[in-house]
Amino acid sequence: MMSNYNFLSQINFPSDLKKISESDLQKVADELREETISAVSETGGHLGASLGVVELTVALHYVFNTPKDKLIWDVGHQCYPHKIITGRKNQIRTLRQGGGISGFTKRSESEYDPFGAAHSSTSISSALGIAEANKLSNKKDNVVAIIGDGAISGGMAYEAMNNAGVSKTKMVVILNDNDMSIARPAGAMGTYLAKIFSGKIYFSLRETIKMIISSFSKRFSAKAGKAEDLFRSAISGGTLFNALGFYYIGPIDGHDMDSLIPILKNVRDSKYQGPILIHIKTKKGKGYSYAEKAKDHYHGVSKFNVKTGEQYKTKSKLPSYTKVFSNTLIQHAKKDSKIVAITAAMPDGTGLTDFAKEFPDRTFDVGIAEQHAVTFAAGLATENYKPYAAIYSTFLQRAYDQVVHDVAIQSLPVRFAIDRAGLVGADGPTHAGAFDTTFLSTLPNFIVMAASDESELVKMINTSVNINDKPSAFRFPRGTGLGVELPPINETIEIGKGRIVQEGKKLAVLNFGARLNETLKASESLKKKGINITIVDARFAKPLDENLIWQLATTHESILTIEEGSIGGFGSHVVDFLSKKSLLDSDLKFRSMNLPDIFIDQDTLENMYTTIIKPHHYSVHDDAWYVAGGGDPDPRDVDLAGAMKSLDEISVVGVMDALEETACVVHYKVMGGKEPLLPGCLCGGGGGGGEGVGSETENGGGGESEPIAAQVEKYGLSTFYYDILPD
């Protein structure tokens, strides 16, 4: 619970903050820092970067007229203090929880979040767009982009600055420099000069000098202007930003309220028409000793004890998939000097920290620059090196053109180790690894693999070492493996060959990726009901094991594909093959199970799975379908996932039970008529001639419903569920 703070208790919105005396703002910042630490200790999250911008957050909302003036935080995980004083103080302990507030800025959450930035380096582009829109609309609102925590290393930031520098549009960029040596440390003189250069007198003097020299030759004017830029650059360190067309101020101490407030006021009130960059120096983890001392400054933490700094991490004896990848790659690198590893500012998250300790000269951290990382890897591949680009699925999206143009078209053997494939829990839709199978499998000459467990991951890494004529990718999920025995590093798999895990009849389930274990659990439940199914670990989305799929299609009545990814992935490629080979022209039934066509919000993984597959319950009222529990109102379009109770017990064929319990799928108005398709509800609630809904009926007569199987046979029911079920 929030403490009884002297100042923060009175502040819910920036309008409340403006009532506080300027001399008390540091006390507000101290309380805000304390509350941020307290809240994140209960929820976990990105703590270090948020602690570094507490004074800046208070100063910005004190000086600028938010939300009319726009603040864009980049990366968005610096925004926790911002959220506390913009109407979300009472929700801060729901941070990153199911149904709670996001760990990033989010437009749909608050008018104080004008632009979402869960990935990085996007703020200057979006701020420039808003500023140009203001200019076109004759609005005088300020636009401020706060870019920091490494985000300035992203190439998109420089593209935006290059554009902004020639735009003559007023906007403010605050560079939060918390871990990079962009300029020499700020000192008293630097702060003093920053105040001068941002002040009205200097701006006025500058304009006066411009008016005087404009009467001289263009050559003299240009030289005079350059001389002024060089003067400011020489004593403040802003040569790069000046060259890009920005008016540079700084560096200044980002924790000194007495410096921040006057400089921000000067910039707010200046008549300068063009982009201004304020360079501040901050300390990541500021004000919490354990964060300040930690190597990562508590960049991302689980729940922790505020007094001791100890994090409550779940301990597991099972290795994480990331650790398995790292250890396996190290073993190969010891034998093969051509193996190199690349990360885009995520050495810990991708497991390359250990690799870097073993091979510092063969490890490349390129910063938050996925586009560069991919093309850099392509360059290495042209010289017969074996680059492994270890990039989260969600961040690989940022480099898709490079994957296509620089790697795939040239058939360069870059190996993509795609971590965090699938749902990721508390980081929500911006970090979910839902699309990589789809966007990679569409590319000619690409090999796309997914590991069903850590043993398969090792085999795929082993296999990738010897793929020297085309690009390849292997995806694996967040979290721990299953505890299976790991194979030696010389055990490989044949390209484009799946494996039959279990043989059965009538229904064949093709699993792609880490949902195999749940499929096997479901199959055990079905065996108790006398139903035996075939289960295949597909291994490859591209190339498909066409011979195996042909065999399954000609020996089974139904095929179901399962993958933790978006539409357009593995299942789409399978059905494309079946269609082209005319295998769907007979009685073969095919369905695919994939993530729903929505951006799935943050929650625990368990709750996310339960939410996306919760049972649907259908009823009819007048001429409309009503859906209790969500989903498409036409039962013929219902995904099989709609009848599953949880991924821990996928009722692939046992959906029969789910039908009996929850899915009243047959209440259907035929051609706008008054009579339902069936006289009663399949789940047994309604009978007679009415439109039964669960245990109730609308206009329904009495009596018992016919058995499900009898109704299906009698009325020729041809819904999805019964199409896929064997007899």
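Predicted model, so just to flag it, every value in this text is computed and none were measured. (Residues numbered from 1 in each chain as written. Predicted model: local features only at pLDDT ≥ 70, side-chain atom pairs only at ≥ 80, totals over all residues. Heavy atoms only, no water.)

(A) Summary view of the sheet that holds strand S3 (residues 171-177). The five strands lie next to each other as S1-S2-S3-S5-S4, forming an open sheet whose pairing is parallel. Edge positions in the open sheet fall to strand S1 (70-74) and strand S4 (247-253), since each of these has one partner strand only. With direction set aside, neighbouring strand axes in the sheet form an average angle of 15°. Lying on the sheet, helix H4 (residues 54-63) is in contact with S1, strand S2 (143-148), S3 and strand S5 (275-281); it crosses S1 at an angle near 165°. (Pairing = 2+ DSSP bridges. Helix = DSSP H or I, 4+ residues; strand = E, 2+ residues; numbered from the N terminus. Axes fitted to C-alpha atoms, helices over the stretch in contact; angles between N-to-C directions. Contact = heavy atoms within 4.5 Å.)

(B) Region of interest: the sheet that holds strand S8 (residues 386-392). Taken in spatial order, the seven strands make up an open sheet running S7-S6-S8-S9-S11-S10-S15, and their pairing is mixed. Each end of this open sheet is capped by a strand with a single partner; those strands are strand S7 (363-365) and strand S15 (540-542). Across the sheet, the mean angle from the axis of one strand to that of its neighbour is 20°, orientation sign disregarded. Direction of pairing for S8 relative to strand S9 (residues 415-419): parallel, over a ladder of five bridges. Counterpart to Tyr388 in the pairing with S9 is Arg415. Here helix H20 (residues 454-465) sits on the sheet and contacts strand S6 (339-343), S8, S9, strand S10 (447-450) and strand S11 (472-475); the angle it forms with S11, its principal contact strand, is near 170°.

(C) Geometry of unusual backbone geometry. For the bond from Gly250 to Pro251, the omega torsion is -5°, close enough to zero to count as cis. Inspection of the secondary structure assignment puts Pro251 in strand S4. The omega torsion of the bond from Lys542 to Pro543 falls at -5°, within 30 degrees of zero and hence cis. In this structure, Pro543 sits in the loop between S15 and helix H22 (546-555). Non-glycine residue Tyr298 carries a positive phi angle of around 55°. Structurally, Tyr298 is set in the loop between helix H13 (289-293) and helix H14 (321-335). For Tyr298, a relative accessible area of 7% corresponds to the buried category. (Buried < 20%, exposed > 50% of the residue type's maximum accessible area, 1.4 Å probe, protein only.)

(D) Representation of the confidence of the model for the protein in the model. In the predicted model, the protein carries a mean pLDDT of 80, and 75% of its residues have values of at least 70. Contacts from residues 614-727, a stretch scored under 50 in pLDDT, to residues over four places away or in other chains number 222 contacts. (pLDDT = per-residue confidence, 0-100.)

(E) Expanded view of H14. The end-to-end C-alpha distance of H14, which contains 15 residues, comes to 22 Å, matching closely the 21 Å that a straight helix rising 1.5 Å per residue would cover. For H14, the full list of buried residues reads Tyr321, Thr322, Val324, Phe325, Ser326, Thr328, Leu329, Ile330, His332 and Ala333. Buried residues along H14 sit in contact with S6, helix H15 (352-358), S8, S9, H20 and S11. (Expected span 1.5 Å × (residues − 1).)

(F) Just the pairing of S10, in detail. Along S10, one buried face is formed by Ile447 and Met449 and the opposite face, lined by Val448 and Ala450, is buried too. Both S10 and S15 contribute to a ladder of two bridges, which runs antiparallel. Bridge pairing in S15 links Val448 to Lys542.

(G) Highlighting the packing of aromatic side chains. Within the structure shown, the criterion is met by 18 aromatic pairs. Consider the rings of Tyr288 and Tyr290, whose centres lie 5.5 Å apart with planes at 65°: the pair is edge-to-face. Ring geometry for Phe435 versus Phe599: centroids 6.3 Å apart, planes at 75°, classification edge-to-face. Here Phe435, found in the loop between S9 and helix H19 (436-441), pairs with Phe599, found in the loop between strand S17 (589-593) and helix H24 (605-612); they are 164 residues apart in sequence, far enough to count as distant. Judged by its relative accessible area of 30%, Phe435 is partly exposed. (Phe/Tyr/Trp six-rings, centres within 6.5 Å; stacked < 30°, edge-to-face > 60°.)

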